[in-house]
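Each chain, written out:
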Amino acid sequence: MTALRLPEKIRVSVGSAIVLGLIRGKLDAKPTTIYLLTHHQGKCLANCGFCPQAKASKSRADMLARITWPAFPTEQVISNIETLAEEPNIKRICIQALNYPNVFNDVFALAEEIRSRTDVALSVSCQPFNSAQMKLLAEVGVDKISVALDAATKELFDRVKGTRTNSPYRWETQRETLLKAVQVFGKNRVYTHLVVGLGETEKEIIQAIQWCTDCGVYPSLFAFTPIPGTALEALPQPSVTTYRRVQLAHYLIVHGKTRFEHMKFDEDEQLIDHGISKRLLQRIIETGTPFLTSGCPGCNRPYYNERPGGPLYNYPRQPLPDEIRAIKEHQI
Ligand code: SF4
């Protein structure tokens, strides 16, 4: 493929911009991945109900999740990445993409330029590209690809980002794209997002985690976060207790310690038995590992879902002993 023009500007998450020395600021937790977002005049073509970038959202144009993404000249950003690439704390670069005409060209040009100037592992998080496009990304050196399901069931998907939202996304296409991505990139190099708190039951989202895992797709967990100006601004965040149960089930499934079919749920489809012994479960909880941010290796996404004052749904660093004690009190 002939070299494509690099987009003039790119958005950088505020935490990554501080790490890269593009702006000054203090960080409670440093991101270990540099998060980039394609820059586009106007909003996304899609209309995901939770997203400030959605075409019908009235939120600020520089927001994604609950953080801001100031724009910088692309050359300046890549040059700072190049300078800092040897830092051991920078483990990965993640290019996230809005949906707009020719977005693939921007993503490809960015990936090619970054790859030619650093060896840092590179992920792309995008809408469904076709197999030929995904193959080009793999060939240029993209290490992991992520296509977001977000919702645990078709009904919820249609309501939140599919047929009922004036979005181009379809549940079947999204799942088929994940399967095609596994063919192109290989198992365990394909990721998706699952958002807890969109209206699903614990059983439904845990079943979705099992489906992804069985397909060779790693599901990254997010806690729904209401953002002013979005269609879902009035929906509350999920309870921390539910989130902890789902995180624990996620850990057990993706590490092959048990399966959805071995778990038990009550009449409200709330998880009541993780399908392993209580002793083993306690040992796993005490490691704190199930409660870390889940995603590509090196991704810690500090404060995507939470205020620095808490509660911390995803820990961007190892939970402290007091925090593990508090987690145990959540009766998971
Ligand atoms: S595709 Fe991504 S950026 Fe666009 S509305 Fe959906 S979540 Fe937001």
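Relevant structure appears above.
Notes on the structure in this doc start here. All values reported here derive from a predicted model rather than from experimental measurement.

Quick look at the overall build of the chain now. Each helix and strand in the chain was counted, giving 10 helices and 12 strands. Computed over its C-alpha atoms, the radius of gyration of the chain comes to 19 Å, within 12% of the 20 Å expected for a compact globule of 332 residues. Along the first, second and third principal axes, the C-alpha set of the chain runs to 55 × 40 × 40 Å. Within the chain, counting contacts between residues at least 6 apart in sequence, those at least 24 apart form 70% of the total.

Moving on, we come to the nonpolar core. Counting 92 residues, the largest nonpolar core has L36, I93, I95, A111, I145, V196 and A249 as the members making the most contacts within it. By residue number, the principal contributor to this core is helix α8 (residues 240-254), which donates seven residues.

For the pair helix α7 (residues 202-215) and α8, the least separation of the axes is 10 Å and the interaxial angle reads 25°. Considered as vectors, α7 and α8 are oriented roughly parallel to each other. Every pair of crossing elements has a handedness; the one defined by α7 and α8 is right-handed. Note on element contacts: α8 touches α7 through T242, R245, V246, A249, H250, I253 and V254, opposite E202, I205, I206, I209, Q210 and T213. Taken together, the residues of the contact of α7 with α8 break down into seven nonpolar, four polar and two charged.

Here we come to the sheet that holds strand β9 (residues 190-196). Here we have eight strands laid out as an open sheet, ordered β5-β1-β2-β6-β7-β8-β9-β10, and mixed in their pairing. Strands with a single pairing partner mark the edges of an open sheet, and in this sheet they are β5 (71-73) and β10 (217-223). Ignoring which end each strand starts from, the neighbouring axes of this sheet average 30° apart. Two elements, strand β8 (residues 144-147) and β9, share two bridges in a ladder whose sense is parallel. Along β9, the bridge assignment pairs I145 with V190. Contacting β1 (9-12), β2 (33-38), β5 and β6 (92-96), helix α2 (residues 74-84) runs over the sheet at an angle of about 85° to β5.

On to the pairing of β6, then. Most of β6 is tucked away: five of the five residues are buried. Covered by surrounding structure in β6 are R92, C94 and Q96 together with I93 and I95, the residues of both alternating faces. Pairing geometry for β2 and β6, over five bridges, is parallel. The partner of L37 across the bridge, within β6, is Q96.

Quick look at the packing of α2 against helix α3 (residues 103-117) now. In a pair of packed helices, the angle between the axes and the distance between the axes together describe the arrangement. Two numbers describe how α2 lies on α3: the axes approach to 10 Å, and their chain directions differ by 30°. Comparing the axis directions of α2 and α3 gives the class roughly parallel. Judged by the twist between their axes, the crossing of α2 over α3 is right-handed. Of the residues in α3, those in contact with I78, I81 and E82 of α2 are E113, I114 and R117.

So, on to the environment of K154. Within the secondary structure, K154 is located in helix α5 (residues 154-160). When the 15 C-beta atoms within 10 Å are taken as the criterion, K154 is described as partly exposed. Sequence separation of K154 and W171 is 17 residues, and the distance between their C-alpha atoms is 5.9 Å.

Moving on to unusual backbone geometry. Unlike most non-glycine residues, N102 shows phi in positive territory, near 65°. Looking at where N102 falls in the secondary structure, it is placed in the loop between β6 and α3. At R301, a residue that is not glycine, the phi angle is positive and equals roughly 35°. Residue placement: R301 occurs in the loop between α9 (278-287) and α10 (321-328).

Taking 1.5 Å per residue as the helical rise, α8 with its 15 residues ought to reach 21 Å, and the 21 Å between its terminal C-alpha atoms agrees with that figure. Burial analysis of α8 places 12 of its 15 residues in the buried class, the great majority of the element. Those residues of α8 lying buried are T242, Y243, R244, R245, V246, Q247, L248, A249, H250, Y251, L252 and I253. Summarising the contacts, the buried residues of α8 are in contact with β9, α7, β10, β12 (271-273), α9 and α10.

What counts as what
- Residues numbered from 1 in each chain as written.
- Predicted model: local features only at pLDDT ≥ 70, side-chain atom pairs only at ≥ 80, totals over all residues.
- Helix = DSSP H or I, 4+ residues; strand = E, 2+ residues; numbered from the N terminus.
- Rg over C-alpha atoms; globule rule 2.2 N^0.38 Å.
- Contact = placed C-beta atoms within 7 Å.
- Core = buried A, V, L, I, M, F, W, Y, C linked by C-beta atoms within 7 Å.
- Buried ≥ 20, exposed ≤ 12 C-beta atoms within 10 Å, placed from the backbone.
- Axes fitted to C-alpha atoms, helices over the stretch in contact; angles between N-to-C directions.
- Parallel < 35°, antiparallel > 145°, perpendicular 65-115°, else oblique.
- Left-handed = near helix turned anticlockwise from the far one by under 90°.
- Nonpolar A, V, L, I, M, F, W, Y, C, P; charged D, E, K, R; others polar.
- Pairing = 2+ DSSP bridges.
- Expected span 1.5 Å × (residues − 1).

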